[in-house]
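So the chains spell out like this:
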Amino acid sequence: MLGVGEPAKGEANMRSVSEEPVPLHEEFIYCCGAATHVLKCGPWKDLSKDESKNLPRLLFMIIPDTDIKELEDVFGLNGQVEHKLNFLKKNVSKDIKLVLIAHSIGCYITLEMMKRASELQVLRSVLLFPTIERMAQSPQGKLMTPLLCKLRYILYMPVYLLSFLPEGVKASLVRFALRGMKTCDESSITTSVNLFSVDCIANILYMASQEMMKVVERDSTTIKQNLKKLIFYYGTGDSWCPQHYYDEIKMDFPDGDIRLCEKGLRHAFVLDASKEMAAMITDWLQDDLTKL
């Protein structure tokens, strides 16, 4: 997901801008051979070909916990890194500064992007609940690794059978599964219904199996080289990146902007706290934006 906009000039101006409706463009493109869903927030449709003097100086790129061998394996972990870099190369002008916002495995992908393409004009990277090390050794990883790496194929048949259910029944099943949440974003229901696709599940489980095997050591070298550009946000009860991962990275990088959640947000905050998270990120980035 991409968001573009000019930096605000003063707090009052930022308030007035935020209250205006933001145009949203939705499209599918092919990138590295994969059909890629792109959501663009802002009045610009093509940042690589538009020669207007009013082009934005800053681009927000959101890299979620993605479910998508070299580029032949675009749905693998390495392929996803190259997929994002290829997208930027083909669709975004080199002169535009970037704010990268990533969640979960998207944080690993972001660090790899910064490592492989140091020429990117990254103003700030926000890494939320970052799964950037020892995934298989985490509490959730110990539980899921055998399933993901050895037994994932047994899940295909029940998903295939469930895929024949009417869309309304699928949505009801998702709501039942999420019934324990106080609030749940309706868009999360719609997105979760896609999990009843065998192709989708196959890509998710394949990608996850690679994460368990390949996300082992934290890339402290890349973190050190880009420390002033990074914001880390860890959870207190996150079974994918437990609190002692936070304690260790905080000890290794005492001058880094490494934060621990005080609001009790879950790893999958997108299900019930996306607006709260968006408000926090907006606050964190105020100083960076006003300096542009």
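Residues numbered from 1 in each chain as written. Predicted model: local features only at pLDDT ≥ 70, side-chain atom pairs only at ≥ 80, totals over all residues. Heavy atoms only, no water.

Participant: Got a minute to help me understand the pattern of salt bridges in this structure?
Facilitator: Side chains that carry opposite charge are capable of pairing whenever their charged atoms lie near each other. Applying the stated criterion across every chain, the model contains 11 salt bridges. Salt-bridge contacts for glutamate 133 lead to arginine 218; the nearest nitrogen and oxygen are separated by 3.3 Å. Remark: arginine 218 occurs in the loop between α8 (198-214) and α9 (220-225) and glutamate 133 occurs in the loop between β6 (122-128) and α4 (139-150); sequence separation between them is 85 residues. For the pair glutamate 133 and arginine 218, one class covers both residues: buried. (Salt bridge = Lys/Arg side-chain N within 4 Å of Asp/Glu carboxyl O. Helix = DSSP H or I, 4+ residues; strand = E, 2+ residues; numbered from the N terminus. Buried < 20%, exposed > 50% of the residue type's maximum accessible area, 1.4 Å probe, protein only.)

Participant: What am I meant to see in the state of the cysteines here?
Facilitator: The bond known as a disulfide is covalent and runs between the sulfur atoms of two cysteines. With the rule as written, the count across this model stands at zero disulfides. Of the cysteine sulfurs around cysteine 107, a residue in no disulfide, the closest is that of cysteine 241, at 7.9 Å. (Disulfide = S-S within 2.5 Å.)

Participant: Explain unusual backbone geometry here, please?
Facilitator: Unlike most non-glycine residues, serine 104 shows phi in positive territory, near 55°. Note on placement: serine 104 falls in the loop between β5 (97-103) and α3 (105-116). The phi angle at arginine 134 is positive, at roughly 40°, despite the residue not being glycine. Take arginine 134: it is sitting in the loop between β6 and α4.

Participant: Would you mind showing me how to read the confidence of the model for the chain here?
Facilitator: As a note on interpretation, predicted positions should not be read in detail where pLDDT is low. When the pLDDT values of the chain are averaged, the result is 84; 79% of them are 70 or greater. Note that pLDDT drops below 50 for residues 6-17; the model gives that stretch 12 contacts with residues more than four away or on any other chain. (pLDDT = per-residue confidence, 0-100. Contact = heavy atoms within 4.5 Å.)

Participant: What am I meant to see in the packing of aromatic side chains here?
Facilitator: Pairs of aromatic rings are described using the distance from one ring centre to the other and the angle between the two planes. Within this structure, the stated rule accounts for seven aromatic pairs. Ring plane angle 90° and centroid distance 5.7 Å describe the contact between phenylalanine 129 and tyrosine 233, whose orientation is recorded as edge-to-face. Of this pair, phenylalanine 129 sits in the loop between β6 and α4 while tyrosine 233 sits in strand β7 (residues 230-234), and the two are 104 residues apart along the sequence. Residue classification places phenylalanine 129 among the buried residues on the basis of a relative accessible area of 0%. Between the NZ or CZ atom of arginine 134 and the centre of the ring of tyrosine 245, over which it lies, the distance is 4.1 Å. Over the ring of phenylalanine 176 we find arginine 179; its NZ or CZ atom is 4.0 Å from the centre of that ring. (Phe/Tyr/Trp six-rings, centres within 6.5 Å; stacked < 30°, edge-to-face > 60°. Lys NZ or Arg CZ within 6 Å of the ring centre and 35° of its normal.)

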